[in-house]
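Examining the three-dimensional arrangement
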Amino acid sequence: MKPQIKSNGAVKPNSHGTGVKRINLGLQGGGSHGAFTWGVLDRLLEDERIEIEALTGASAGAVNAVVLADGMATGNRDEARKTLRKFWEAVSEGGRYSPMRRSPLEAAKGGWNLDSSPGYIFFDVLSRIASPYDLNPLDLNPLRDLLKKTVDFDRVRASMLKVFVSATNVETGRARVFDKAHLTINHVLASACLPHLFKAVEIDGVPYWDGGYMGNPPLWPLFDHSTSDDVVVVQINPITRPGLPKSARDILNRLNEITFNASLLRELRSVDFVTRLMEAGHLEGTGYRRVLVHMIGDEAALSALGASSKLNTEAAFLEMLFQKGRRATTAWLDQHFADVGERSTINIRELFMGDEDGLDGSRIDRAAHFRDTTSTQPIVN
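Residues numbered from 1 in each chain as written. Predicted model: local features only at pLDDT ≥ 70, side-chain atom pairs only at ≥ 80, totals over all residues. Heavy atoms only, no water.

1. Brief notes about the pairing of strand E8 (residues 292-297)
Condition: For every residue, the accessible area (1.4 Å probe, protein chains only) is compared with the maximum for its type, and the residue is labelled buried under 20%, exposed over 50%, or partly exposed between those bounds. Each helix is a run of H or I in the DSSP string that is no shorter than four residues. Each strand is a run of E no shorter than two, and both are numbered from the N terminus. Think of it this way: DSSP has to see at least two bridges between two strands before they count as a pair. A crossover gets the label right-handed when its path from the first strand over the helix to the second runs clockwise, viewed with the strands pointing away from the viewer.
Summarising burial for E8: five of the six residues are buried, a large majority. For strand E7 (residues 230-235) and E8, the ladder comprises six bridges, and the chain directions are parallel. Opposite Val232, over in E8, you have His294 as the bridge partner. In this region the chain leaves E7, passes through helix H11 (residues 248-279) and returns to the parallel neighbour E8; the handedness of that crossover is right-handed.

2. Some points on helix H1 (residues 34-46)
The test is simple: To estimate how far a helix should reach, multiply one less than its number of residues by 1.5 Å.
Taking 1.5 Å per residue, 13 residues should reach 18 Å; H1 reaches 19 Å between its end C-alpha atoms and fits that length. When you tally the buried positions in H1, you get twelve out of 13 residues, the bulk of the element. Buried within H1 are the following residues: Gly34, Ala35, Phe36, Thr37, Trp38, Gly39, Val40, Leu41, Asp42, Arg43, Leu44 and Leu45.

3. Side note on the pairing of strand E2 (residues 50-58)
When you tally the buried positions in E2, you get eight out of nine residues, the bulk of the element. For strand E1 (residues 21-27) and E2, the ladder comprises seven bridges, and the chain directions are parallel. The residue of E2 that forms the bridge with Leu25 is Leu55. In the sheet, E2 pairs with strand E3 (residues 162-169) via five bridges, with the strands oriented parallel. Each bridged residue has a counterpart across the sheet, and for Leu55 the counterpart in E3 is Val163.

4. Structural notes on unusual backbone geometry
For the bond from Asn216 to Pro217, the omega torsion is -5 degrees, close enough to zero to count as cis. For Ser59, which is not glycine, the phi torsion reads 55 degrees and is therefore positive. Mapped onto the elements, Ser59 comes out in the loop between E2 and helix H2 (60-71). In this structure, Asp204 is a non-glycine residue whose phi angle is positive, near 55 degrees. In this fold, Asp204 is placed in the loop between strand E5 (201-203) and strand E6 (206-210).

5. Points about a nonpolar patch on the surface
The cut-off we apply is this: Within this analysis, patches are made of residues with over 30% relative accessible area and no salt bridge. Like charges are joined at 9 Å or less; nonpolar side chains (Val, Leu, Ile, Met, Phe, Trp, Tyr) at 5 Å or less. Note on areas: these come from Shrake-Rupley sampling with a 1.4 Å probe, and a residue is covered only by the protein chains present in the view. When a carboxyl oxygen of Asp or Glu is within 4 Å of a side-chain nitrogen of Lys or Arg, the pair counts as a salt bridge.
A cluster of nonpolar side chains, namely Ile121, Val125 and Ile129, defines an oily patch on the protein surface of about 290 Å² accessible area. Inspection of the secondary structure puts Ile129 in helix H5 (residues 118-129). Taking relative accessible area as the criterion, Ile129 reaches 68% and is therefore assigned exposed.

6. Things to note about the packing of H1 against helix H13 (residues 315-336)
To be explicit about the condition: Fitting a line to C-alpha atoms yields each axis, with helices limited to the stretch in contact; the angle taken between N-to-C directions then spans 0 to 180 degrees. Comment on the angle field: the value is read as roughly parallel under 35 degrees, roughly antiparallel over 145, roughly perpendicular from 65 to 115, and oblique elsewhere. When the near helix sits turned anticlockwise from the far one by under a right angle, the crossing is termed left-handed; a clockwise turn instead gives a right-handed crossing. Any two residues whose heavy atoms approach within 4.5 Å at even a single point are treated as in contact.
Orientation of H1 relative to H13, taken along the N-to-C sense of each, is 45 degrees, at an axis distance of 6 Å. Taken together, the axes of H1 and H13 lie oblique to each other. Crossing geometry of H1 relative to H13 is assigned as right-handed. In this structure, H1 contributes Ala35, Phe36, Trp38, Gly39, Val40, Asp42, Arg43, Leu44 and Glu46 to the contact, and H13 contributes Leu318, Glu319, Leu321, Phe322, Lys324, Gly325, Arg326, Ala328, Thr329, Thr330 and Leu333.

7. Observations concerning the nonpolar core
Keep this limit in mind: Within this scheme, the nonpolar core is defined by two criteria: the residues are buried Ala, Val, Leu, Ile, Met, Phe, Trp, Tyr or Cys, and they are joined through side-chain atoms within 4.5 Å.
Within the largest apolar cluster, 64 residues are counted, with the highest numbers of intra-cluster contacts made by Leu25, Leu55, Val66, Leu68, Leu147 and Val163. Those residues in contact with Leu55, other than ones at most four positions away along the chain, are Leu25, Leu27, Ala65, Leu68, Leu161, Lys162, Val163 and Phe164. The next biggest cluster of nonpolar side chains, apart from the first, holds 13 residues, and it includes Phe164, Leu222, Val231 and Val293.

8. Notes on the confidence of the model for the chain
Atom-level detail of predicted coordinates should not be read off regions where pLDDT is low. We count it as follows: Confidence scores per residue from the predictor, reported as pLDDT, run from 0 to 100.
Confidence along the chain averages 87 in pLDDT terms, with 87% of residues attaining 70 or more. Note that pLDDT drops below 50 for residues 356-362; the model gives that stretch two contacts with residues more than four away or on any other chain. Confidence drops under a pLDDT of 50 for residues 373-381, and excluding neighbours within four residues, the segment shows zero contacts in the predicted structure.

9. A short note on the packing of aromatic side chains
Counted only if it meets this: Each aromatic pair joins two rings of Phe, Tyr and Trp (for Trp, the six-membered one) with centres within 6.5 Å, and gets the label stacked for planes under 30 degrees apart, edge-to-face for over 60, and tilted for any other angle. Should the NZ of a Lys or the CZ of an Arg lie within 6 Å of a ring centre and within 35 degrees of the ring normal, that charge is described as sitting over the ring.
This structure, assessed with the given rule, holds seven aromatic pairs. Aromatic side chains Phe178 and Tyr208 sit 5.6 Å apart centroid to centroid with 80 degrees between the ring planes, which places their arrangement in the edge-to-face category. With a gap of 30 residues between them, Phe178 in strand E4 (residues 175-179) and Tyr208 in strand E6 connect regions that are remote in the sequence. The residues Phe178 and Tyr208 share a single accessibility class, namely buried. In textbook terms, an aromatic cluster arises when at least three aromatic residues are bridged by ring pairs, as seen for Trp38, Phe87, Trp88 and Phe322. The ring of Phe322 has Arg85 sitting right over it, with the charged end atom 4.9 Å from the ring centre.

10. Here we look at the pattern of salt bridges
Applying the stated criterion across every chain, the model contains 24 salt bridges. For the salt bridge of Asp47 with Arg49, the shortest nitrogen-to-oxygen distance reads 2.8 Å. The buried category is assigned to Asp47, whose relative accessible area is 8%. Across the salt bridge formed by Glu257 and Arg241, the nearest N and O atoms sit 2.5 Å from each other.

11. As for the packing of H2 against helix H3 (residues 77-94)
The criterion, for reference: Note on residue categories: nonpolar means Ala, Val, Leu, Ile, Met, Phe, Trp, Tyr, Cys or Pro, charged means Asp, Glu, Lys or Arg, and polar means any other residue, Gly included.
Relative orientation of the contacting elements H2 and H3 amounts to 135 degrees, with a least axis distance of 7 Å. By the criterion of interaxial angle, the relationship of H2 to H3 is oblique. Where H2 crosses over H3, the handedness of that crossing is right-handed. When H2 is examined against H3, the residues Val63, Asn64, Val67, Leu68, Asp70 and Gly71 are found in contact with a partner set consisting of Glu79, Ala80, Thr83, Leu84, Phe87 and Trp88. The residue inventory of the contact of H2 with H3, partitioned by class, reads seven nonpolar, three polar and two charged.

Spelled out as structure tokens, the structure:
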């Protein structure tokens with residue numbers, strides 16, 4: 001007996017008590033921290049109760065999305081897991097001789113940051129005084145070579161998965177989302193184009209930078225182009241980071257985290273607003289749908305890593321992140337599998353407002369306010 005698909009995209013249990021639940025994934029960007037997302041994807045593919053319908057991603061999230069779509073072209077989960085591992089092993093192999101490696105002191109401490117790496121310091125300083133148009137006139141990009149070797153974009157376009165990749169239009173400052181129908185290497189390179197490292201990627205004459213600036217990840221394509229109401233965000237950029245950054249590097253790192261999370265928090269605020277309107281019965285018959293939001297992450301572990309570690313491609317580091325992604329996903333499945341298709345498992349309002357929002361809870365009761373103000377208006381003869 002085949003499971004029955006409910007209107008919200010989740011699947012009812014069959015007579016044997018088993019069932020499959022359909023979800024969408026939003027994959028954040030974050031350099032080599034994308035190996036955490038690799039672990040999340042690997043664990044989800046391992047669990048046959050979960051069916052992935054659509055993915056949206058920016059930067060490293062876009063890379064993971066197309067690698068997964070390539071592997072899932074035939075619907076084979078084991079093939080997809082092998083494809084993801086093959087890609088990330090190629091990442092570590094390509095960085096084996098990189099000058100940006102941990103210093104012996106950092107390695108001895110068991111850390112993964114590159115802050116004391118001579119190679120990293122040299123390129124970091126150089127990127128602040130010269131642009132990639134000065135330093136990289138041939139527009140060399142190791143990601144381009146890696147994608148050519150490991151991803152078949154014909155298979156991506158033919159994949160059973162829906163894929164959406166975002167990039168930021170340099171001229172307008174707006175996000176542009178590309179679906180898989182015409183997806184090429186250039187679209188992924190545009191989504192992962194950090195402007196201090198690489199030249200803008202032009203698509204149809206339009207220059208693009210990293211998609212994370214305006215959509216990390218962009219969630220709106222999932223609202224109109226999938227049947228599932230469940231969106232699982234794989235978070236690799238810490239939203240909160242206790243303590244005041246005081247060094248120049250720490251200030252810049254925190255500023256980047258805030259910037260790359262801003263668009264996500266705005267979208268979640270919109271989701272919460274629409275949800276409250278629906279619960280109040282104000283959107284009946286309008287075609288709006290209830291979105292159920294979930295999040296898989298390990299903020300404690302990832303916030304302990306500095307921004308420089310996003311350029312660390314050592315095999316041991318990537319494997320560590322992979323295992324953390326798997327463990328975080330196992331914990332989420334254990335706690336929240338039953339909630340998929342039924343309710344959100346994160347407090348969206350608390351996420352974007354925090355605990356210190358002095359205006360929360362003091363909104364005007366507009367109906368009462370209108371009655372009070374009209375009843376006190378003077379009568380003019």
